[in-house]
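Coordinate inspection notes
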Amino acid sequence: MPASRKHRRPPPSRTADPARTAALEVLRLVRTEEAYTNLVLPSVVARLELDTRDAAFATELAAGTIRRQGTYDVILAACIDRPLRRVEFGILDILRLGCHQLLGMRVPAHAAISSTVDLAHAKAGRGAGGFVNAVLRAVTRRDLDAWIAEVAPQPSGSRDERMEHLAIKHSHPRWVVDLLDAAAPDDDLDALLAADNVPPKVTLVARPGRAEVAELPGTPTLYSPYGVVLDGGDPARVLAVAEGRAGVQDEGSQLVALALASAPVEGADKVWVDLCAGPGGKAALLAAIAAERGAGVLAIEQHLHRAGLVRRALGGTGRLPGVLGLVSADGTRPPLAAASADRVLVDAPCTGLGALRRRPEARWRRSPDDLLALVPLQRRLLASALELVRPGGVVLYATCSPVRAETFDVVSSVLGSGEAVALEDVRPLLPGVTDADGPLEGTAQLWPHRHGTDAMFLALLRRGEGITAGG
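Counting starts from 1 at the beginning of each chain's written sequence and moves along it residue by residue. Where totals are concerned, whole chains, interfaces and linings use all residues; where local detail is concerned, this predicted model gives features only for residues with pLDDT of at least 70, and gives and counts side-chain atom pairs only at 80 or more. The side-chain numbers reported here are obtained from all heavy atoms of the structure, hydrogens and water having been left aside.

1. Description of the overall build of the protein
The secondary structure listing takes helices from DSSP runs of H or I that are at least 4 residues long and strands from runs of E that are at least 2 residues long, numbered from the N terminus. Summing up its helical and strand segments, the protein has 20 helices and twelve strands in all. As a reference, a globule follows 2.2 Å times the number of residues to the power 0.38, and the radius of gyration itself is taken over C-alpha atoms. Against the globule reference of 23 Å for 471 residues, the protein gives a C-alpha radius of gyration of 25 Å, in line with a compact fold. Its C-alpha atoms give the protein principal-axis dimensions of roughly 100 × 55 × 35 Å. Reported accessibility uses the Shrake-Rupley method at a 1.4 Å probe radius. Residues are deemed covered only where the shown protein chains occlude them. As presented, the protein carries roughly 21,000 Å² of accessible surface, and 52% of it is formed by carbon and sulfur atoms. Charged-residue counts in this description rest on Lys and Arg as positive and Asp and Glu as negative, His and the chain ends being excluded. Note that the charge is assigned to NZ on lysines, CZ on arginines, CG on aspartates and CD on glutamates. Across the protein, the 54 positively charged side chains and the 55 negatively charged ones have centroids separated by 9 Å.

Given below as structure tokens:
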């Protein structure tokens, strides 16, 4: 054997950089443990001790890859000679990360391919690295727009072709595109789907009586008098947030709480109830407003983990002004007397299809079957709230979903039940908000592409005499 071969050293090991390693770990946790991207990212970043620059890169790489997964999978399928279902999950995650660097980030092609191949070598071996290298080189043949033109149906074709084009272009499951098409204003669907892929900026809320908006760094929100859009940085490092006097809360969620608090109520106005309080942001804002009026909020949350989040949002074990208490109970059967509340918020569990920009993994986790369980629950919760509120009191029904089955159908079921309940116009309670007409006259629908908020639906109902639970 020639000496040069006899004494040849093994090839040097390939190591993956920490930022891409973190992003891959996030994808794995989201896929295998149903983790939430925004919740698991900080722990992974902290464990790998990433600096600020690497943490920002890992965040964009992981969240962006999950958002655009549907588009990238169609492109990858065109570059691989076997079905994607036959590609190992871990390798597919690595390929998706490579696609996002090549097609969705400003990473030079040679750096994106080299670093992703290093990641494959480190995590799955040399054979995987060669496969990843070949596939990503095929991906570089076109930019994103050219790939979409290649793999998606033409948008000028039939309705079915147009919907499929939008599903691939904007990385949404087709069934979600169909539901949003039925809910979105005319000609807004493309803009709505595009907005779902724009990472939202962090919005803070100053809880009145506890914090001032001037304390919070950022730009004042357009509609909520208590909000600011954070310019950058870690919100946990903001003193008022660290002390619990302010919190992180989308402006749309702030407007839900403000609408309930602003509705006119004659007579007693002391007992406010949040029937589905987890994770607690709306309850905390309502409690702060209630305290200034001599009223209080009773928070109800069935699930223990979420009840813990509510407890923290409401100030922990210490009783803050405006907090009547926290009860762990089923909102459809609250342990409260009928007609005992003056205001009730039903922030109903829903598909969350109005918050896809904030929860990128939700579009891949949900299925059409979820509506079969959620809609009956939403109807029961609204009926429970209408039984709980006194005559003359108000109920604010809200969902973080614009889907008509969760909005129009749920509210219509109550209005058509023969009960003494009236739908009142909620739009005057949203000062400055325009182009927000909901599917029922008097309801409101916020949109990410129009208002920069999650797609919150709001309906205000007032109880008359003689109402009983129904729906």
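2. A look at the confidence of the model for the protein
One rule of thumb: low pLDDT means the predicted coordinates there are not for detailed reading. A score between 0 and 100, pLDDT records how confident the predictor is in each residue. Per-residue confidence for the protein averages 93 on the pLDDT scale, and 95% of its residues sit at or above 70. Note on definitions: a residue-residue contact is assigned when non-hydrogen atoms from the two residues lie within 4.5 Å. For the stretch residues 1–12, pLDDT sits under 50, and the model shows two contacts to residues farther than four places along the chain or on other chains. Counting interchain partners and residues more than four positions distant, the pLDDT-below-50 stretch residues 467–471 has twelve contacts.

3. Notes on the environment of Gly-393
Turning to its location among the elements, Gly-393 is positioned in strand β9 (residues 389–399). The class for Gly-393 is buried, based on a relative accessible area of 0%. In this structure, the C-alpha to C-alpha distance between Gly-393 and Arg-462, residues 69 residues apart in sequence, is 5.8 Å. Relative accessibility thresholds used throughout: buried, under 20% of the residue-type maximum; exposed, over 50%; partly exposed, between the two (1.4 Å probe, protein chains only).

4. Comments concerning the environment of Ser-413
Tracing the sequence through the fold places Ser-413 in helix α19 (residues 408–415). On a C-alpha basis, the gap between Ser-413 and Thr-21 in space is 50 Å, while along the polypeptide they are 392 residues apart.

5. Quick look at the packing of aromatic side chains
The aromatic pairing rule takes the rings of Phe, Tyr and Trp, using the six-membered ring of Trp, and pairs them if the centres are within 6.5 Å, calling planes under 30 degrees apart stacked, those over 60 edge-to-face and the rest tilted. In this structure the tally under the stated criterion is one aromatic pair. Judged by centre distance (6.3 Å) and plane angle (70 degrees), the ring pair of Tyr-397 and Phe-457 falls under edge-to-face. With a gap of 60 residues between them, Tyr-397 in strand β9 and Phe-457 in strand β12 (residues 457–463) connect regions that are remote in the sequence. A relative accessible area of 0% means that Tyr-397 is categorised as buried. For Phe-457, a relative accessible area of 0% gives the class buried. Against the face of Phe-408 rests Arg-404, its NZ or CZ located 4.5 Å from the ring centre. Here, over-ring charges are defined by two tests on the NZ atom of lysine or the CZ atom of arginine: distance to the ring centre within 6 Å, and angle to the ring normal within 35 degrees.

6. Thoughts on the side chain of Thr-351
Here Thr-351 is to be found in the loop between β8 (341–347) and α17 (362–365). You can call Thr-351 buried: its relative accessible area is 2%. Each polar contact in these results corresponds to two N or O atoms within 3.5 Å; when the atoms are within protein, one needs to be able to donate a hydrogen and the other to accept it, and residues that are neighboring in sequence are counted only if both atoms are side-chain atoms. Here the side chain of Thr-351 touches Ser-401 through a polar contact of 3.3 Å, side chain to side chain. Each residue touching Thr-351, except ones within four places of it in the same chain, is listed here: Arg-366, Leu-371, Leu-374, Ser-401, Val-403 and Glu-406.

7. Here we look at the sheet that holds strand β2 (residues 219–220)
Backbone hydrogen bonds are what pair the strands of a sheet, in a parallel or an antiparallel way. Strand pairing is defined by DSSP finding a minimum of two bridges between the two strands. In spatial order, the strands read β2-β3-β1-β4; together these four strands make up an open sheet with antiparallel pairing. A single partner strand is all that each edge strand has here, and the edge strands are β2 and β4 (246–248). Pairing of β2 with strand β3 (residues 227–229) involves two bridges; the strand directions are antiparallel. Paired with Pro-220 across the strands is Val-228, a residue of β3.

8. Quick look at the nonpolar core
For the purposes of this section, nonpolar cores are sets of buried Ala, Val, Leu, Ile, Met, Phe, Trp, Tyr and Cys residues that join through side-chain atoms within 4.5 Å. With 52 residues, the main nonpolar core has Leu-76, Leu-95, Leu-103, Val-132 and Val-139 as its most contacted residues. Not counting residues up to four positions away in its chain, the partners in contact with Leu-76 are Leu-84, Leu-92, Leu-95, Arg-96, Cys-99, Val-135 and Val-139. Trp-175, Val-273, Val-375 and Leu-386 belong to the second largest nonpolar core, which has 46 residues in total.

9. Notes on the pattern of salt bridges
In the sections that follow, a salt bridge refers to a side-chain nitrogen of Lys or Arg positioned within 4 Å of a carboxyl oxygen of Asp or Glu. Inspection of the entire model under this criterion finds 30 salt bridges. When the shortest N-O distance is used, the salt bridge between Arg-333 and Asp-330 registers 3.5 Å. The exposed category is assigned to Arg-333, whose relative accessible area is 62%. Since its relative accessible area comes to 17%, Asp-330 is described here as buried.

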